[in-house]
Amino acid sequence: NMAFSMYGGLTMGATAALIVHGKPEQKAMFVPKMVAGEWTGTMNLTEPQCGTDLGLLRTKAAKQSDGSYKITGTKIFISAGEHDFTDNIIHLVLARIEGAPAGIKGVSLFVVPKILVNADGSLGARNGVSCGSIEHKMGIHGNSTCVMNYDGATGWLIGEENKGMQGMFVMMNEARLGVAVQGLAQSEVAYQNAAAYARDRLQGRALTGAQAPDKPADPIIVHPDVRRTLLTIRAFNEAARAMVIWTALKSDVAHRSSDPKDRQEADDHMGLMTPVLKGFLTEIGFANAVQAQQMYGGHGYIAEQGMEQFVRDARIAMIYEGANGIQALDLVGRKLPRDGGRAVMAFFGEVASFAKEQGANEAMKPFITPLSAGLGHLQQATTWLMQNAMMKPDNAGAAATDYMHLFGLVTLGYMWAKMAKVTHDKIAAVGASPYLTTKLVTGRFFMERMLPETSVHLARIQSGSATIMELAAEAF
Ligand SMILES: Cc1cc2nc3c(=O)[nH]c(=O)nc-3n(C[C@H](O)[C@H](O)[C@H](O)COP(=O)(O)OP(=O)(O)OC[C@H]3O[C@@H](n4cnc5c(N)ncnc54)[C@H](O)[C@@H]3O)c2cc1C
């Protein structure tokens with residue numbers, strides 16, 4: 001239940017920002033209750049005139065003699081902004097301190113509780129923040145998306161003045177990974193329903209003759225096109241899950257390893273993969289929810305079956321926490337060039353050395369040959385961007401979404417190759433099983449039918465931005 005899980009997810013993000021950037025007394029006041037689930041958290045960035053471009057924000061913060069601030073302004077689309085699940089709601093709010101520079105360099109982060117907290121930890125007076133209205137929206141109906149009005153609400157600065165984005169980025173990076181999982185989760189639950197339905201629904205006969213002659217028709221799972229659809233979703237889900245777990249492991253290393261080199265490598269990986277996970281997994285997750293709905297025919301369009309809810313819920317994951325177009329720009333514009341391309345080069349090196357290691361292994365050929373071709377396309381695209389985007393930034397903007405998909409496909413191809421290796425080793429050790437055979441067949445499907453899309457993305461990237469930028473705005 002995506003809508004419900006957001007209450008806890010946002011609380012985790014807000015807690016992370018407080019732990020990393022909060023002052024000791026702020027941590028003591030808020031974190032234990034948030035971790036215990038007694039209070040929830042929110043993130044307040046968006047305003048009517050300010051979405052992607054946070055430098056436009058107008059919410060004001062006026063410093064008080066006791067060191068607190070009075071926060072005034074209107075935030076919109078605030079998830080979990082108001083509800084009565086918990087006794088208190090801890091809002092993390094971006095605002096501009098009076099006299100601060102214009103743009104993103106004048107934005108600070110504040111913690112603003114719905115109910116003020118007394119020195120002994122008990123709840124005190126209601127703070128000057130209220131819910132103006134609740135949005136009516138396409139999906140995630142169980143989550144309250146609120147207009148929040150701050151009328152001189154008391155807040156406290158988190159971190160330093162005008163450095164608000166540092167704290168907010170802790171929360172946003174955590175939330176982006178959570179949203180990536182939302183995309184994958186909707187794809188998975190939609191798949192599980194569609195696979196069960198396809199085994200059950202009787203329509204038509206198999207092209208090669210009746211498979212269930214005792215029944216009025218065969219189950220639709222006999223039809224190649226139905227199987228193609230189900231395998232497309234499944235082959236994505238399993239590799240995307242591996243990618244999420246791989247990155248989760250890196251997150252543990254980045255936070256906990258005692259070796260600074262390991263920490264840095266893991267941190268590089270997190271920076272590089274976060275926009276890919278958010279943008280690619282949510283985009284394909286939504287497409288997969290639609291494909292799974294298609295397996296139900298007209299019944300998928302009827303609310304009673306539940307499939308249309310997966311489609312509606314999955315849609316928002318492509319939009320919030322930075323729309324997917326922005327994730328693609330983050331990958332191309334910030335994450336690729338960072339530290340002289342150190343993170344991307346490490347990734348290319350890792351995939352290439354795995355391919356080389358397994359190159360002579362006959363059983364791995366169906367995985368290594370397409371993986372090497374996909375990696376080649378990604379490397380060509382990266383070189384093309386280095387040569388063509390510095391002088392002409394529109395080339396980067398026009399390539400970004402294709403590059404993100406190309407990157408995602410190659411990463412999933414790498415995940416499949418690694419899973420195939422483990423599966424072959426297991427079969428050699430303990431013999432084949434339906435589970436292990438299914439794994440290899442699903443992986444081969446990905447390699448044969450999904451990974452080759454890398455060549456399309458490369459061709460689009462190399463076509464540049466000239467045609468895209470040619471028309472005048474009025475011509476659209
Ligand atoms: C249900 C829901 C819940 C939300 N929850 C929260 C929340 O809890 N807290 C919060 O602060 N916000 C929240 N949001 C807001 C959400 O994060 C924003 O809607 C989102 O970041 C996009 O901003 P915008 O809607 O203003 O779109 P805009 O910024 O106006 O963007 C419109 C389109 O233009 C594109 N675009 C914009 N700038 C560029 C650029 N420079 N280059 C290329 N393309 C560009 C975008 O990709 C997008 O497709 C929520 C929104 C919804 C609908």
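Structure report, in brief. Just so it is clear, the structure is predicted and the values come from calculations on it, not from any experiment. (Residues numbered from 1 in each chain as written. Predicted model: local features only at pLDDT ≥ 70, side-chain atom pairs only at ≥ 80, totals over all residues. Heavy atoms only, no water.)

Notes on the site of the ligand
- Neighbouring the ligand are 18 residues; Leu45, Thr46, Thr52, Phe77 and Ser79 lie closest to it.
- Measuring from a nitrogen atom of the ligand, one finds a side-chain N or O atom of Thr46 at 2.7 Å.
- Between an oxygen atom of the ligand and a side-chain N or O atom of Thr52, the distance comes to 2.6 Å.
- Protein chains shield 60% of the accessible area of the ligand, which is 970 Å² for the free molecule.
- At the level of elements, β1 (39-44), β3 (69-79) and α7 (324-335) are the ones that each hand at least two residues to the shell around the ligand.
- Of the residues forming the shell around the ligand, the biggest block, 3 residues, is contributed by β3.
- When its residues are assigned to classes, the shell around the ligand shows 10 nonpolar, 6 polar and 2 charged. (Near = heavy atom within 4 Å. Polar contact = N/O pair within 3.5 Å; in protein donor to acceptor, adjacent residues only side chain to side chain. Areas by Shrake-Rupley, 256 points an atom, 1.4 Å probe, with all protein chains shown as cover. Helix = DSSP H or I, 4+ residues; strand = E, 2+ residues; numbered from the N terminus. Nonpolar A, V, L, I, M, F, W, Y, C, P; charged D, E, K, R; others polar.)

A few points about the packing of aromatic side chains
- Applying the stated criterion across every chain, the model contains 14 aromatic pairs.
- Their ring planes at 50° and their centres at 6.2 Å tell us that Phe347 and Phe348 sit as a pair that is tilted.
- With a centroid separation of 5.2 Å and an interplanar angle of 20°, the aromatic rings of Phe347 and Phe407 are classed as stacked. Of this pair, Phe347 sits in helix α8 (residues 338-358) while Phe407 sits in helix α10 (residues 393-430), and the two are 60 residues apart along the sequence. In this pair, the class of Phe347 matches that of Phe407, namely buried.
- Through a chain of ring-to-ring contacts, the aromatic side chains of Trp246, Phe347, Phe348, Phe354, Tyr403, Phe407 and Tyr414 assemble into a single cluster.
- Sitting above the plane of the Phe286 ring, Arg315 keeps its charged end 5.6 Å from the centroid.
- Geometry around Phe169 places Arg334 over its ring, the cationic atom sitting 5.8 Å from the centre. (Phe/Tyr/Trp six-rings, centres within 6.5 Å; stacked < 30°, edge-to-face > 60°. Buried < 20%, exposed > 50% of the residue type's maximum accessible area, 1.4 Å probe, protein only. Lys NZ or Arg CZ within 6 Å of the ring centre and 35° of its normal.)

That is the geometry; function is a separate question.
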